[in-house]
Amino acid sequence: MIELYDTTLRDGTQGEGICLTVQDKLRITAMLDDLGIHLIEGGWPGSNPKDAEYFQSVRTLNMQHARLSAFGSTCRPSMTPEQDANLRALLDSEVPFTALFGKAWTRHVTQVLRTDLDNNLRLIEQSVRFLTDAGRKVIFDAEHFFDGYRADADYALATLRAAVNGGAATVVLCDTNGGTMPWDIEQVVRRVAEAIDTPLGIHAHNDGGCAVANSIMAVRAGATHVQGTINGIGERCGNADLCAIIGNLELKADLRVLPPDRLPKLSELAHGVSELCNIAHPSGAPYVGRSAFAHKGGVHVAALQRDPGSYEHVRPELVGNHTRVLVSELSGRGNIRFKASEFGVDTPGENSTSVLSRIKELESQGFAFEAAEASVELMMRRQLAGYEPYFQLLDFLVVVEHREQRGHLAEASIKIRVGDRTFHTAAGGVGPVGALDTALRKALADVYPAIDRFRLADYKVRILDGANGTSATTRVLIDTTDGESVWSTVGASRNIIESSWQAVYDSFEYGLIRAYGPRCSSQVLAESA
């Protein structure tokens, strides 16, 4: 059995820009437990008040699968373990496991710890024994082990034996600087497994881009304990990504590491941790990224429609993900047919060709439809015979002025047609797009009350050809929500107001379809008196 040891709450928080509250850490702990992680490292109780508070608060959680571990270091060179406040803090955390790190590289012993090699062995053995005598199960993290093994293999092994003599349950070989190659990991772990009769673990960092591969190779060579973080967050280039490791071990190596039926929770957990860390989830993350099973090339999509496994190495549902087909200038008719089926739009073959041609034409002008699927769906619906929009733009005027006493002001007037009625309204706003949005709402609100639920969720502007200065093409992406779902629309023009209007128009039209259903010429629109 492979034992999974998660250090997201300790090593992961050492990543740049990562900061978790105690409540965040408790929520992640519950999520990791629900997934079925075996050991969760909650933090370093002797290093800061937040981690000490976490170990007090975590006792209220009803853990079903995971056991907790606290992290700390061997005692200081001039002390005995009984004198060391950090070791006492580990005991005060009252958790069953302790991960204790010590120096395994002679360079660190002499240059960083500033002690002699024999004293370092004493620190390791006595510190481990101090904790095991108090009833703790100790996992010894041999810091910089692989660098230490290259420099002096005998001494690196001696540090492991010191930990074993102290009663360590597992010794973990750490690639702390993250620069060891997979073939070296496998070779060294095999040699250590022959020399040390104690369960081995691996703790890899990603500075060489090999942390996941190194972890897998260590398991192949005999390691039964794997440390890492969710999404690979951590100091410098991060730690080994447990999500990728779990996927590879379960689906490629045929090793059961999670309880039955837990693997489909993997993507949800990965996205949840990103959300609590307040970082964008990596789109290209293996198994759990939004793009992990996304297909853009027309040849790929055509093949997927014939054989779902032709361009996917595993079924995405196994890890809680799903297949996505993107629409762009690289698309083929298969992409359009796939998206039409997904949207529930019955698009004839000639319409698919027409939509595809229109997409390619617009993308050459600066539009991008990958992240604006609502605009794609509208394009398909507008090709259908009899489709009628909920409203039509006749005119709009936007004015921005600066007044000495009041600063900048924006006002928009808009004239639209709904059925056989014409509405002409005006409204002010903080800026020109806001004024235009408010004027459109004012014109439509009585006819379509659902518009009151539409809210701007995000507004992104990108300059596409900055070398053209103020005449550059501007792309606008708008995310809109009705409180239940979010949809995205796009516009592009050399006039930023025009590109914004294109995205706003699509966002309202799509929202009205969501609220009232597609409108065709045979329908009679219920209008206000």
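Being a predicted model, the structure only gives us computed values, none of them experimental.

Calculation rules
Residues numbered from 1 in each chain as written. Predicted model: local features only at pLDDT ≥ 70, side-chain atom pairs only at ≥ 80, totals over all residues. Heavy atoms only, no water. Helix = DSSP H or I, 4+ residues; strand = E, 2+ residues; numbered from the N terminus. Buried < 20%, exposed > 50% of the residue type's maximum accessible area, 1.4 Å probe, protein only. Areas by Shrake-Rupley, 256 points an atom, 1.4 Å probe, with all protein chains shown as cover. Axes fitted to C-alpha atoms, helices over the stretch in contact; angles between N-to-C directions. Parallel < 35°, antiparallel > 145°, perpendicular 65-115°, else oblique. Left-handed = near helix turned anticlockwise from the far one by under 90°. Contact = heavy atoms within 4.5 Å. Nonpolar A, V, L, I, M, F, W, Y, C, P; charged D, E, K, R; others polar. Expected span 1.5 Å × (residues − 1). Patch = residues over 30% accessible without salt bridge, like charges linked within 9 Å, V, L, I, M, F, W, Y side chains within 5 Å. Salt bridge = Lys/Arg side-chain N within 4 Å of Asp/Glu carboxyl O. pLDDT = per-residue confidence, 0-100. Pairing = 2+ DSSP bridges. Polar contact = N/O pair within 3.5 Å; in protein donor to acceptor, adjacent residues only side chain to side chain. Core = buried A, V, L, I, M, F, W, Y, C linked by side-chain atoms within 4.5 Å. Disulfide = S-S within 2.5 Å. Phe/Tyr/Trp six-rings, centres within 6.5 Å; stacked < 30°, edge-to-face > 60°.

## Quick look at the overall build of the protein
Here is step 1: Within the protein, the secondary structure is distributed over 17 helices and 16 strands.
Here is step 2: Here the C-alpha coordinates of the protein stretch approximately 90 × 65 × 50 Å along the principal axes.
Here is step 3: Classification of the 529 residues of the protein by burial places 52% in the buried group.
Here is step 4: Only carbon and sulfur atoms are counted for the fraction: they give 48% of the accessible area of the protein, which is about 23600 Å².

## Some words on the packing of helix α8 (residues 182-195) against helix α9 (residues 211-220)
Here is step 1: Two elements in contact, α8 and α9, have axes separated by 8 Å at closest approach and are oriented at 30°. For the element pair α8 / α9, the angle class is roughly parallel. Classified by chirality, the crossing of α9 by α8 is right-handed. Contacts between α8 and α9 involve Pro-182, Ile-185, Glu-186, Val-189 and Arg-190 from the former and Ala-213, Asn-214, Met-217, Ala-218 and Arg-220 from the latter.
Here is step 2: Residues of the contact of α8 with α9, tallied by class, amount to six nonpolar, one polar and three charged.

## Section: α8
Here is step 1: For α8, spanning 14 residues, the distance from its first C-alpha to its last is 20 Å, which sits close to the expected 20 Å at 1.5 Å a residue.
Here is step 2: Looking at α8, one finds that the buried residues are Pro-182, Ile-185, Glu-186, Val-188, Val-189 and Val-192.

## What to know about a nonpolar patch on the surface
Here is step 1: On the surface, a cluster of nonpolar side chains totalling about 240 Å² of accessible area is made up of Val-461, Ile-463 and Ile-496.
Here is step 2: For Ile-496, the location among the structural elements is in helix α17 (residues 496-516).

## What to know about the confidence of the model for the protein
Here is step 1: The pLDDT averaged across the protein works out to 89; a share of 94% of its residues lies at or above 70.
Here is step 2: Here residues 521-529 is modelled with pLDDT under 50, and outside its nearest four sequence neighbours on either side it reaches 17 contacts, counting other chains as well.

## What to know about the sheet that holds strand β14 (residues 455-463)
Here is step 1: An order of β14-β15-β16 is seen for the three strands of this open sheet, with the pairing classed as antiparallel. A strand with exactly one partner marks an edge of an open sheet, and here the two such strands are β14 and β16 (486-493). For this sheet, the mean inter-axis angle between neighbouring strands, taken without regard to orientation, is 15°.
Here is step 2: Examined bridge by bridge, strand β15 (residues 474-481) and β16 share eight bridges and lie antiparallel to one another. Residue pairing for β16: Thr-474 is matched across the bridge by Ser-493.

## Brief notes about the side chain of His-225
Here is step 1: Along the chain, His-225 falls in strand β8 (residues 225-228).
Here is step 2: In this structure the side chain of His-225 is engaged in a polar contact, spanning 3.1 Å, whose partner is the side chain of Gln-227.
Here is step 3: Not counting chain neighbours up to four residues away, the residues in contact with His-225 comprise Glu-3, Tyr-5, Leu-39, Ile-139, Thr-170, Val-172, Leu-200, Gly-201 and Ile-202.

## Focus on the pattern of salt bridges
Here is step 1: Inspection of the entire model under this criterion finds 21 salt bridges.
Here is step 2: Two residues, Arg-190 and Glu-186, come together in a salt bridge whose shortest N-O distance is 3.0 Å. Taken as a pair, Arg-190 and Glu-186 lie in helix α8 at a separation of four residues, close to a single helical turn.
Here is step 3: Under the relative-accessibility criterion, Arg-190 is labelled partly exposed at 38%.
Here is step 4: A salt bridge links Arg-514 to Asp-482, with the shortest nitrogen-to-oxygen separation between them at 3.2 Å. Here the residue Arg-514 occupies a position in helix α17, and Asp-482 occupies one in the loop between β15 and β16, the gap between them amounting to 32 residues.

## Remarks on the nonpolar core
Here is step 1: With 86 residues, the main nonpolar core has Phe-140, Phe-145, Leu-160, Val-192 and Ile-246 as its most contacted residues.
Here is step 2: Discounting chain neighbours no more than four positions away, the residues touching Val-192 are Phe-145, Tyr-149, Leu-157, Leu-160, Leu-173 and Leu-200.

## Quick word on the sheet that holds strand β12 (residues 407-418)
Here is step 1: Pairing is antiparallel in the open sheet, where three strands are placed in the order β11-β12-β13. Single-partner strands in this sheet number two, and they are β11 (392-403) and β13 (421-429). Direction aside, neighbouring strands of the sheet carry axes that sit 10° apart on average.
Here is step 2: Running at roughly 135° to β11, α17 makes contact with β11 and β12 of the sheet.

## Side note on the state of the cysteines
Here is step 1: On inspection of all chains with the given rule, the structure shows zero disulfides.
Here is step 2: Sulfur of Cys-19: no disulfide; nearest cysteine sulfur belongs to Cys-277 and is 9.6 Å away.
Here is step 3: Just so you know, Cys-174 is unpaired, no disulfide at all, and the nearest cysteine sulfur is the one on Cys-210, 17 Å from it.
Here is step 4: With relative accessibility at 5%, the residue Cys-174 sits in the buried group.

## Quick look at the packing of aromatic side chains
Here is step 1: The final tally for this structure, using the stated rule, is 15 aromatic pairs.
Here is step 2: Seen from their ring centres, Tyr-448 and Tyr-516 are 5.9 Å apart, and the 45° between their planes marks the pair as tilted. In this pair, Tyr-448 sits in the loop between α16 (432-444) and β14 while Tyr-516 sits in helix α17, placing the two residues 68 residues apart along the sequence.
Here is step 3: Relative accessible area serves as the criterion here: at 38%, Tyr-516 is assigned to the partly exposed category.
Here is step 4: Seen in terms of ring centroids, Trp-501 and Tyr-505 are 5.7 Å apart; in terms of plane orientation they differ by 55°. Their pairing is tilted. Placement of the pair is Trp-501 and Tyr-505 together in helix α17, with a separation of four residues, close to one helical turn. You'll find Trp-501 and Tyr-505 in the same group, each marked buried.
Here is step 5: In textbook terms, an aromatic cluster arises when at least three aromatic residues are bridged by ring pairs, as seen for Phe-391, Phe-396, Trp-501 and Tyr-505.

## Regarding the side chain of Asp-51
Here is step 1: Relative to the helices and strands, Asp-51 is located in helix α2 (residues 49-57).
Here is step 2: Only 2.8 Å separates the side chain of Asp-51 from the backbone nitrogen of Trp-44, close enough to count as a polar contact.
Here is step 3: For Asp-51, the residues in contact, after removing those within four places along its chain, are Lys-25, Gly-42, Gly-43, Trp-44 and Pro-45.

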